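In case you want the letters, here they are:
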Amino acid sequence: VQLVESGGGFVQAGESLRLSCTASGSSFNIHSMGWYRQVPEHEREPVASDRQLVAEITRDSKTNYAESAKGRFTISRDDAKNTLFLEMNNLKPEDTAVYVCNMYGMMGITVVDYWGKGTQVTVSS
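> Outline unusual backbone geometry, listing residues and values.
Glycine aside, the phi torsion of most residues is negative, and most peptide linkages are trans. Of note, the phi angle at Ser 61 is positive, near 70°, even though the residue is not glycine. As for its placement among the helices and strands, Ser 61 is situated in the loop between β5 (51–58) and β6 (63–65). The backbone phi angle of Asn 82 is positive, close to 50°, even though this residue is not glycine. Among the structural elements, Asn 82 can be located in the loop between β7 (73–78) and β8 (83–88).

In structure tokens:
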């Protein structure tokens, strides 16, 4: 399974971006999908502790947001297109980060946990 993010970019404070994450490859039973913020400019490969949850959505459409994202970001998905979205409004310089997509679930009896490579969001003041 491959996750590919898109939609990042360079914007001014107060502007908006819409991130997308499309899954391809083998199908699996998705339990949850989420967007994480990854601390930039590490000189090593990022590890799990480098990532902070921004928003997640479960298979029964329950959502959960980081305090910093509440009221500004909206997570949604299009199951027919295997795509996850993150609508980001009123962006702030502190939102600057690499945003990484995650999909977690079961493939048969095996727990699977997939990550994309991320898309850079840079917000200028």
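> Please provide a residue-by-residue account of the pairing of β7, values included.
Pairing between β7 and β8: six bridges, direction antiparallel. Each bridged residue has a counterpart across the sheet, and for Thr 74 the counterpart in β8 is Glu 87. Counting the residues that bridge the hairpin from β7 to β8 gives four residues, and of these Asn 82 lies at a positive phi of roughly 50°.

Calculation notes
Residues numbered from 1 in each chain as written. Predicted model: local features only at pLDDT ≥ 70, side-chain atom pairs only at ≥ 80, totals over all residues. Heavy atoms only, no water. Helix = DSSP H or I, 4+ residues; strand = E, 2+ residues; numbered from the N terminus. Pairing = 2+ DSSP bridges.

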